[in-house]
2 protein chains.
Amino acid sequence: MAKGSKKDSADLQGSSLMPEIRKHYFLDEYCIIAAERRKRPSDFMRAKSPAKDEKSCPFCPGNEDMTPPSVAVYTDQGVLVDGPVKIRSWKMRVFPNLFAAMVPSPTPPTTEWIALPGHGHHEVIVDSPLHNDAPADFSQEHMELLLKAYQDRYANYCGLDGVKYVSIFKNWGEEAGASLSHTHTQLVTLPIVPPLIKRELEAASSATFCLFCNIAERERASSRLVAQNDGWILIAPFYSQVPYETWILPRRHMSNLAQMDDDDRRDLAAILSHALRCIRSLLNDPPYNYMIYQLASNYHLNIRIQPYLSKIAGFEKGTGIHINSVPPEQAAAELRSRLPKG
Amino acid sequence: MAKGSKKDSADLQGSSLMPEIRKHYFLDEYCIIAAERRKRPSDFMRAKSPAKDEKSCPFCPGNEDMTPPSVAVYTDQGVLVDGPVKIRSWKMRVFPNLFAAMVPSPTPPTTEWIALPGHGHHEVIVDSPLHNDAPADFSQEHMELLLKAYQDRYANYCGLDGVKYVSIFKNWGEEAGASLSHTHTQLVTLPIVPPLIKRELEAASSATFCLFCNIAERERASSRLVAQNDGWILIAPFYSQVPYETWILPRRHMSNLAQMDDDDRRDLAAILSHALRCIRSLLNDPPYNYMIYQLASNYHLNIRIQPYLSKIAGFEKGTGIHINSVPPEQAAAELRSRLPKG
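Residues numbered from 1 in each chain as written. Chains lettered and ligands numbered in written order. Predicted model: local features only at pLDDT ≥ 70, side-chain atom pairs only at ≥ 80, totals over all residues. Heavy atoms only, no water.

Student: So what exactly am I meant to see when it comes to the sheet that holds strand 2 (residues 30-33) of chain A here?
Tutor: Strand pairing in a sheet relies on backbone hydrogen bonds, with the paired strands running either antiparallel or parallel. Taken together, four strands build an open sheet; the order of strands is 6(A)-1(A)-2(A)-15(B) and the sheet is mixed. Each edge of the sheet is formed by a strand with only one pairing partner; in this case those strands are strand 6 (115-117) of chain A together with strand 15 (322-324) of chain B. Between one strand axis and the next, the sheet turns by 25 degrees as a mean value, whatever way the strands run. As judged from the three bridges shared by strand 2 of chain A and strand 15 of chain B, these two strands associate in the parallel manner. For A:I33, the partnering residue across the bridge sits in strand 15 of chain B and is B:N324. (Pairing = 2+ DSSP bridges. Helix = DSSP H or I, 4+ residues; strand = E, 2+ residues; numbered from the N terminus. Axes fitted to C-alpha atoms, helices over the stretch in contact; angles between N-to-C directions.)

Student: In this structure, what is going on with the domain arrangement of chain A? I would like to understand it.
Tutor: It is common to give the size of an interface as the accessible area lost on bringing the parts into contact. All names here are of chain A. Entries for chain A in the domain assignment read domain 1 (7-14 + 21-37 + 208-336) and domain 2 (58-104 + 114-190). Using C-alpha coordinates to define each centre, domain 1 is positioned 20 Å away from domain 2. Taken together, the 34 residues of domain 1 in the interface contact 40 residues of domain 2. Counting the surface domain 1 buries against domain 2, the share from its top three residues, I21, R265 and Y290, is 20%. One can count one salt bridge joining domain 1 with domain 2. Between D137 and R280 there is a salt bridge, and its shortest N-O distance comes to 2.8 Å. Taken together, domain 1 and domain 2 are joined by 17 residue pairs in polar contact (both at pLDDT 80 or more). Mapped onto the side of domain 1 that touches domain 2, the elements with two or more residues apiece are strand 1 (20-23), helix 5 (262-283) and strand 13 (288-293). (Domains from an automatic or database assignment. Contact = heavy atoms within 4.5 Å. Buried area = accessible area lost by both parts, 1.4 Å probe. Salt bridge = Lys/Arg side-chain N within 4 Å of Asp/Glu carboxyl O. Polar contact = N/O pair within 3.5 Å; in protein donor to acceptor, adjacent residues only side chain to side chain.)

Student: Whenever I open this one, unusual backbone geometry confuses me. Can you help?
Tutor: Outside of glycine, negative phi angles account for most residues, and trans bonds account for most peptide bonds. Residue and element names in this part refer to chain B. Notably, Y244 is not glycine yet its phi reads approximately 65 degrees, a positive angle. In this fold, Y244 is placed in the loop between strand 11 (232-235) and strand 12 (246-250). A positive phi angle, near 50 degrees, is found at N298, a position not held by glycine. Summarising the element assignment, N298 is placed in the loop between strand 13 (288-293) and strand 14 (302-307). On the basis of relative accessible area, N298 is assigned to the exposed category, the value being 69%. (Buried < 20%, exposed > 50% of the residue type's maximum accessible area, 1.4 Å probe, protein only.)

Student: Can you help me understand the pairing of strand 7 (residues 122-126) of chain B in this one?
Tutor: One face of the sheet, then the other: side chains in a regular strand alternate in exactly this way. Residue and element names in this part refer to chain B. Judged by how many residues are buried, strand 7 sits mostly within the fold: five of five residues are covered. Side-chain alternation along strand 7 places H122, V124 and V126 on one buried face and E123 and I125 on a second face that is also buried. Across four bridges, the pairing between strand 5 (residues 92-96) and strand 7 is antiparallel. What sits directly across from P96, in strand 7, is E123. Note that strand 7 and strand 9 (residues 184-190) share five bridges and pair antiparallel. Across the sheet, the residue bridging to I125 is T185, located in strand 9.

Student: What is the right way to read the relation of the copies chain A and chain B from this model?
Tutor: Both copies of the chain are related by a screw-like operation: a rotation about an axis and a shift along it. For the match of chain A to chain B, the screw axis carries a shift of 0.0 Å, the RMSD comes to 0.0 Å, and the turn is 180 degrees. The transformation just described matches what one would write down for a two-fold rotation axis. Judged by C-alpha distance, A:I312 is the residue of chain A that lies nearest the rotation axis, at 4.3 Å. A shared interface surface links the copies, since 99% of the contact residues of chain A are contact residues in chain B too. (Least-squares fit on C-alpha atoms with pLDDT ≥ 70 in both.)

Student: Where do I start with the pattern of salt bridges in this structure?
Tutor: Pairing is possible between side chains of opposite charge, provided their charged atoms come close. Inspection of the entire model under this criterion finds 30 salt bridges over all chains. In this structure, B:R153 engages B:E123 in a salt bridge whose closest nitrogen and oxygen atoms are separated by 2.5 Å. With a gap of 30 residues between them, B:R153 in helix 2 (residues 140-157) and B:E123 in strand 7 connect regions that are remote in the sequence. Residues B:R153 and B:E123 agree in their burial class; the two are buried. Salt bridges sharing partners connect three or more residues here, namely A:R22, B:E219, B:R224 and B:E329.

Student: Before we go on, may I ask you to explain the interface of chain A and chain B in this structure?
Tutor: Opposite the 116 residues of chain A that make contact, chain B presents 115 residues. Buried area between chain A and chain B, both sides added, is near 9,900 Å², and the carbon and sulfur share of it is 62%. Put simply, A:R22 and B:E329 hold a salt bridge, and the shortest N to O gap is 3.1 Å. Remark: the boundary between chain A and chain B carries 18 residue pairs in polar contact (both at pLDDT 80 or more).

Shown next, in the form of structure tokens:
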């Protein structure tokens, strides 16, 4: 068979270390070619890397030198920034991701199709100094501090030049994409509004009311309600892509975490902890992802938790439609049954 | 915390065994609640089921009684249909999926949000009678017969009342979603055009030429070309969601497999086998999915192969943007290096 020979400019890009955002040939869809994380075929071989212990874990106290300097360190004395002297007794650390999907100063790609420089920031938020700590075990105070960190880091990037979106998400468990077991959250800023959000905004533009306020109002009265408190509701959404998917919505309209007051944060910490504990109790500590959907304005903040229980296979990849074997009404009933009494 | 109590009609649906297609609250996105496949939390516990051997494999010759009756059996005598007497020496079998995501006669769902009955068909195509046969090992003749079966089954459903789309896909390897290791393909008919295809059609509606013909023409001359023959090209697409993703495109404009002539089928069998062998050789027999994108008309058939090498994690789920650590130009070069000489 004949083989491709003629080089094109994308080659140069392909060999650069700068991440780039490539647009689909003709759709408003994008992928990120993160050459900084470039892998060789051998990197994909199924040799399972042994779990790191406290000594070798770069996220553990005492190993701060294994990571880039912190941009924010949460301690009893408040929020600090790494100086020449490392801060040892911390409750949470934030530093740039070593394998960034976005970087502050990428070189512009030159290809015959459309691509944008991968301009942005990619941070790791170490949620806890304890190597074996689990988000479902966080105290109310601890979860509030984590949400405070999310608020701070979001506020730090929201509105920044060239930042169109701030994605905050947690991967828990190796199957859910956590490369290190030490609990952590990631933040990625993007120079574009991602397709999922863009489609929501397009739908909202033709509506005369907030679509998420409507969901919150109606699902509160449905059999898909899992829990609620003064500020928030936890539901198994009517449109559930995966078994036991849940959404957390603020009852009061707000666009992002930075708009939370202390009461909102207290209530969100409570309901997020509830959600994580119910999922762990019902499903034997499954891997999961949670994603925070938010925008600077004209949006309704929402948090989606997806346990990793079923595979995304050919049908999903070929149609964009997920097959979910657990009706959300059943999921909600089973999750409700796990809520602590009283 | 208060708990959801008020039942709604979706409850009834949730407790029925009929699959339903649920529309996103406000987006043109859908998920399938396949209650026929309903699972309990315990079904998701990580106890790994031991691989089946020839005796217990329902896809093996002699175990035909473990599956529903065949709707098509491919033998040396041609294509037959199961009668009272089971046909033993077969090369390929097609029968309805026991755990169907779509069924011919679902009951209409009644919910306060939008849902459609899961009207359709869900078939299993057993690619080979040999329990340990691998698609990458299929002979040219065998692969042509498989493509013939795809053509036949597609033609059988395409244009049928209520069939808006026919999804044909293969899951190879447990991590890629293959619940049984015995090589097989699945076919699902849908009463809607899936979102992925719908967005392509919307983009195409404003174009004055075939978008895929354009891709084929331009990528043929790029460093992303992996292989080509008289009828088809194999590329690592500029927009590659996952490492070593490849697309197969016909050089001649055709909308679906049923439009292939014998030469087209011969050439497609050759290039598909090439693709599967290069991927297996380069990446140590990775799990993979391939998906066939096709429509009755006004479309350009394409086949996408995605090896399962990296996790779909919080970032992808939160933005719809995939992070790919291998530039397609590198993937193409490495795949080309695995092509049999001459």
